[in-house]
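Structural description and commentary
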Amino acid sequence: MEAAERPSSGYTLGPPWLFKGSALYQLHLVKAETARAFIPKELRLVEAFGYTLGGLFLAHYDDSPAGRFDELVVIAGIVWNPPTSCAWAARVLVNSYEACGHGRKEIGLPSHVAVFSKRKMEIMEKSSSRQSSFLNMIGMSSAYCKSKEHGEIQVSEIKGSSQMSICNINLPFVVPKSKTNEKCMGPMIRMSLPSFSGQTEHNPQLLKYSCQIECRVRVVETAKISRPKTIDADDDHNTNISNQGSKCFAEDEARNRSISVLLSRPIMALEFNFLKMQVEAPTVVVPHCKKNQLEESRSH
């Protein structure tokens, strides 16, 4: 789906802002060293044995303040600011200029416009019975093939007049959504996903916001993330440009670190169907360490 710009904004009707669609929430073990590069110094990364819990949130919204669009949130890890721990987004990719602008200015997200190229593939998979091992030995396999539909999404970030390939996402499940198979989509749940944001070029304050989610959820096979096999024609050109300025170079570094998060080890994936996500307006956060300093100064 190409990046699209809408003439009118539904964001003026919020907050809160309502998004409806479906999503994949996939958890990865991310190296603490990689994640820490994204985290503000005043926040503490939640880690164990050199790893934190990051991953991705891949969504398609059929209805939102910006209309239909796709979103890929790269989650660097979990940060701790007592009394809560929240996710921190390393990068947000959307194929909507309007959603990108809103994410940057209002939510404090590191949003970028991207292209989501999608295709479906049918793959023949072998299945076999318990007797197959014996039948294989005598040359009479009982294995049979069945067709399974997979989805592949290539995400490319737009920078000026060029596109830079970020990743390929192979989804080993493509299930048509309908009311008839609604119960197969898992139980209906409600939950809150709090996140920190901000300290960006467009919103320098440290912020906290919450997503109130209602959906049917089920555990699914993890998606396979890979780098594109082909290199963009403009990649070498962009690298030369980035070396000319520290700002561009830092942006390229942040993009490469985000890709490292995507390529980290997946441990679990949840599919959200019939998703209704309500995003609250962010609030300014005073980090715990600064809060203690303020209290000490007041006491004196």
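Owing to the predicted nature of the structure, the values given are computational and were not obtained by experimental measurement.

Cut-off values and rules
- Residue indices begin from 1 for each chain and proceed along its sequence in written order.
- Confidence filtering applies because this is a predicted model: local features only for residues at pLDDT of at least 70, side-chain atom pairs given and counted only at 80 or more, and all residues used for totals across whole chains, interfaces and linings.
- The side-chain numbers reported here are obtained from all heavy atoms of the structure, hydrogens and water having been left aside.
- Among buried residues, the Ala, Val, Leu, Ile, Met, Phe, Trp, Tyr and Cys ones that are joined through side-chain atoms within 4.5 Å form a nonpolar core.
- Each residue is placed in one exposure class: buried if its accessible area under a 1.4 Å probe, protein chains only, is under 20% of its type's maximum, exposed if it is over 50%, and partly exposed if it falls in between.
- When checking whether two residues touch, look at their non-hydrogen atoms; a contact exists if any pair is within 4.5 Å.
- Working definition: rings of Phe, Tyr and Trp (its six-membered ring) pair if their centres are within 6.5 Å, and the pair is stacked with planes under 30 degrees apart, edge-to-face with planes over 60 apart, and tilted otherwise.
- Only runs of H or I of at least four residues qualify as helices and only runs of E of at least two qualify as strands under DSSP, and these elements are numbered from the N terminus.
- Whether a charge sits over a ring depends on NZ of Lys or CZ of Arg being within 6 Å of the ring centre and within 35 degrees of the ring normal.
- Salt bridge, as used here: a side-chain nitrogen of Lys or Arg that lies within 4 Å of a carboxyl oxygen of Asp or Glu.
- Distance thresholds for patches are 9 Å for like charges and 5 Å for nonpolar side chains (Val, Leu, Ile, Met, Phe, Trp, Tyr), applied to residues having over 30% relative accessible area and no salt bridge.
- Using a 1.4 Å probe, the Shrake-Rupley method yields the accessible areas, and only the shown protein chains count as cover for residues.
- Confidence of the predictor at the level of single residues is given by pLDDT, which spans 0 to 100.

Right, let's talk about the nonpolar core for a bit. Counting 36 residues, the largest nonpolar core has Leu 58, Leu 72, Val 155 and Ile 169 as the members making the most contacts within it. Those residues in contact with Leu 72 that lie beyond four places of it in its chain are Leu 56, Phe 57, Leu 58, Arg 91, Val 92, Leu 93, Phe 116, Val 155, Cys 167, Ile 169 and Leu 262. Grouped together as the second largest cluster of nonpolar side chains are 32 residues, Leu 27, Ala 66, Val 94 and Leu 275 included.

All right, on to the packing of aromatic side chains then. One pass over the full model with this rule turns up seven aromatic pairs. Note on Tyr 11 and Trp 17: the rings are 6.4 Å apart at their centroids and 65° apart in plane angle, and the pair reads as edge-to-face. On the accessibility criterion, Tyr 11 (8% relative accessible area) is buried. When the ring of Tyr 25 is compared with that of Phe 272, the centres are 6.1 Å apart and the planes differ by 40°; the resulting orientation is tilted. Of this pair, Tyr 25 sits in strand S1 (residues 17–31) while Phe 272 sits in strand S12 (residues 265–279), placing them 247 residues apart in sequence. Residue Tyr 25 is classed as buried on the basis of its relative accessible area of 17%. Ring pairs connect the aromatic residues Phe 19, Tyr 61 and Phe 69, which therefore count as one cluster. One Lys or Arg, Arg 257, reaches over the ring of Phe 38 and ends 5.4 Å from the middle of that ring.

Moving on, we come to the pattern of salt bridges. Within this structure, the stated rule accounts for eleven salt bridges. As a salt-bridge pair, Glu 157 and Arg 91 come within 2.9 Å of each other at their nearest N and O atoms. Of this pair, Glu 157 sits in strand S7 (residues 144–159) while Arg 91 sits in strand S5 (residues 84–94), and the two are 66 residues apart along the sequence. For Glu 157, a relative accessible area of 2% translates into the label buried. Take Arg 91: its relative accessible area is 3%, and that puts it in the buried class. Across the salt bridge formed by Glu 157 and Arg 255, the nearest N and O atoms sit 3.5 Å from each other. Here Glu 157 is found in strand S7, whereas its partner Arg 255 is found in helix H5 (residues 246–262), with 98 residues between them in sequence.

It is worth spelling out unusual backbone geometry at this point. Of note, the bond from Gly 14 into Pro 15 is cis; its omega dihedral lies within 30 degrees of zero at 0°. Residue placement: Pro 15 occurs in the segment before S1. A cis amide bond links Pro 15 to the next residue, Pro 16, at an omega of -5°. Tracing the backbone shows Pro 16 in the segment before S1.

A contiguous nonpolar patch, built from Leu 29, Tyr 51, Leu 53, Val 219, Ile 267 and Met 268 and spanning about 490 Å² of accessible area, is present on the exposed surface. Only strand S3 (51–63) and S12 provide two or more residues apiece to the nonpolar patch. Structurally, Met 268 is set in strand S12. You can call Met 268 partly exposed: its relative accessible area is 36%.

Once that is clear, we can look at the confidence of the model for the chain. When the pLDDT values of the chain are averaged, the result is 83; 73% of them are 70 or greater. Predicted confidence in the chain is weakest over helix H4 (residues 235–242), with a mean pLDDT of 46, and strongest over S3, with 98. Long-range and interchain partners of residues 233–243, a stretch whose pLDDT sits below 50, account for eleven contacts in this model, where long-range means more than four residues apart.

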